[in-house]
Amino acid sequence: LTAGEECKAAAQALSAFTGTGSGGDCIPKNFISMAMAIAIFRGENGVAMVRLKSGDWSAPCAIILEVPHGGSVQPGQDSVLLFMTESSVLALVARTRLILDGTHKFQAGIYSASGRIDPMNDIYAYVRFNNQFTPASLLSSMAGWGVREDMTRHARWHGFEVTWADVLMNKITVDRSSIGNALYLVVNIAAGGNSQGVIEVNGRKNFADLDKLPTRIGLDGDAPRASVAVPAGPTPAQLAEQHQRQQQEAMQQLLMQQQMEQQQLYLQQQQILQQQQ
């Protein structure tokens, strides 16, 4: 899949976590507003974005979820990880080892709108399996799972000369309109229209200071490159097909926005009715 196709799939997956799921479960808006980074997985493959100092989200990068001891993510599982601390985001961008409840503390995600963010917790995990929310009591089994860059998919998206940090630190120009528009839209709506912008609550900011990272970063102190070749440039026929696909995606994004706005209006109406009762 192309970066645009994967981001569109990630947007659809995220919308299921932030809408009205079974029992009304959804990721609280304030958790997304205060997240320093977010990763959305369909199976083991995912898309990650980091919040920049400007408050904007970075371009998306390819990420992978690893199960220890030769295990694998079950088909039909969608997962969302919210990175809430600077240390977890710096580890993510620096491509150092990041293990749930190993290198960084994680907790099962909270669904209550009145839930409080634990300042000592690095990552919140939310899981849906076969379109149903997985109970928090079962998410302890994710302890030991790892998160890392998917170098092959990353190179296919951005080219093998572009490092993971180049993208997540916004050091390169990426055509966001053709890659992540749908995802940015869903994240913004899920946060109540406030997913972009710098927020500070009780002295805690919603972005990590990426300037703390060394100039060259990687698993071994360097910035390794992906080991796949950059594909040849598109032919005129491929460009025409790409243009048609972008038009179709733009229409689908518009429809998705309208659906999310209708859903948000419905929730507001329900809240008003409950208050009146």
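Quick note: structure is the one above.
Notes on the structure in this doc start here. (Residues numbered from 1 in each chain as written. Predicted model: local features only at pLDDT ≥ 70, side-chain atom pairs only at ≥ 80, totals over all residues. Heavy atoms only, no water.)

## A look at the overall build of the chain
Across its full length, the chain carries eight helices and ten strands. When the 277 residues of the chain are sorted by exposure, 48% land in the buried category. Summarising the internal contacts of the chain: among those between residues at least 6 apart in sequence, 73% fall at separations of at least 24. Accessible area for the chain stands at about 13,800 Å²; split by element, carbon and sulfur atoms hold 50% of it. (Helix = DSSP H or I, 4+ residues; strand = E, 2+ residues; numbered from the N terminus. Buried < 20%, exposed > 50% of the residue type's maximum accessible area, 1.4 Å probe, protein only. Contact = heavy atoms within 4.5 Å. Areas by Shrake-Rupley, 256 points an atom, 1.4 Å probe, with all protein chains shown as cover.)

## Points about the packing of aromatic side chains
A complete count under the given rule lists four aromatic pairs for this structure. Residues Tyr111 and Tyr126 carry aromatic rings whose centres are separated by 5.3 Å and whose planes lie at 70° to one another, so their mutual orientation is edge-to-face. Linking Tyr111 in the loop between strand S5 (106-108) and strand S6 (123-129) with Tyr126 in strand S6, this pair joins segments that are 15 residues apart in sequence. Classification of Tyr111 as buried rests on a relative accessible area of 19%. On the accessibility criterion, Tyr126 (0% relative accessible area) is buried. Ring plane angle 85° and centroid distance 5.1 Å describe the contact between Tyr111 and Phe133, whose orientation is recorded as edge-to-face. Taken together, the residues Tyr111 in the loop between S5 and S6 and Phe133 in strand S7 (residues 132-133) connect sequence positions 22 residues apart. Here the two residues Tyr111 and Phe133 agree in accessibility, since each one is buried. Taken together, the ring pairs in this structure connect Phe17, Tyr111, Tyr126 and Phe133 into an aromatic cluster. (Phe/Tyr/Trp six-rings, centres within 6.5 Å; stacked < 30°, edge-to-face > 60°.)

## Notes on the pattern of salt bridges
As enumerated under the stated definition, the model contains nine salt bridges in all. For the salt bridge of Asp150 with Arg153, the shortest nitrogen-to-oxygen distance reads 3.2 Å. Of the two residues examined, Asp150 and Arg153, each falls in the buried class. (Salt bridge = Lys/Arg side-chain N within 4 Å of Asp/Glu carboxyl O.)

## Some points on helix H3 (residues 86-94)
Most of H3 sits out of view: seven of its nine residues are buried. Buried within H3 are the following residues: Ser88, Val89, Leu90, Ala91, Leu92, Val93 and Ala94. Directly after H3, the chain includes Arg95, whose backbone phi takes a positive value near 60°.

## Looking at helix H1 (residues 3-18)
End to end, H1 covers 22 Å across 16 residues, agreeing with the expected 22 Å (1.5 Å per residue, within 8%). Judged by how many residues are buried, H1 sits mostly within the fold: twelve of 16 residues are covered. Every buried residue of H1 is accounted for by Ala3, Gly4, Glu6, Cys7, Ala9, Ala10, Ala11, Ala13, Leu14, Ser15, Phe17 and Thr18. (Expected span 1.5 Å × (residues − 1).)

## Points about the side chain of Asp122
Looking at where Asp122 falls in the secondary structure, it is placed in the loop between S5 and S6. Buried charge without a partner: Asp122 forms no salt bridge, and the closest opposite charge is Lys105, 7.9 Å away. Engagement of the side chain of Asp122 in a polar contact is seen with the side chain of Thr85, the distance being 2.6 Å. When residues no more than four places from it in sequence are discounted, the contact partners of Asp122 are Leu82, Phe83, Met84, Thr85, Ser87, Ser88, His104 and Lys105. (Lys, Arg positive; Asp, Glu negative; His and termini not counted. Polar contact = N/O pair within 3.5 Å; in protein donor to acceptor, adjacent residues only side chain to side chain.)

## Considering the nonpolar core
Residues Leu82, Leu183 and Leu210 are the most contacted members of the largest nonpolar core, which totals 74 residues. In terms of residues, this core owes the most to one element, H1, which gives seven residues. Not counting residues within four places of it along the chain, the set of residues in contact with Leu210 comprises Val50, Leu52, Val89, Leu90, Val93, Leu168 and Met169. (Core = buried A, V, L, I, M, F, W, Y, C linked by side-chain atoms within 4.5 Å.)

## Side note on the pairing of strand S3 (residues 61-66)
In terms of residue burial, S3 counts as a mostly covered element, since five of its six residues are buried. One ladder, built from four bridges, connects strand S2 (residues 45-50) with S3; its direction is antiparallel. Bridge pairing links Ala48 to Cys61 in S3. For S3 and strand S8 (residues 146-149), the ladder comprises four bridges, and the chain directions are antiparallel. Among the inter-strand pairings, Glu66 is bridged to a residue of S8, identified as Gly146. (Pairing = 2+ DSSP bridges.)

## Some details on the environment of Thr163
For Thr163, the location among the structural elements is in the loop between helix H4 (151-158) and helix H5 (164-168). A relative accessible area of 10% means that Thr163 is categorised as buried. For the pair Thr163 and Met151, spaced twelve residues apart in sequence, the C-alpha separation works out to 9.1 Å.

## Considering the state of the cysteines
Applying the stated criterion across every chain yields a total of zero disulfides. With no disulfide partner, Cys61 has as its closest neighbouring cysteine sulfur the one in Cys7, 9.6 Å distant. Residue classification places Cys61 among the buried positions, given a relative accessible area of 0%. (Disulfide = S-S within 2.5 Å.)

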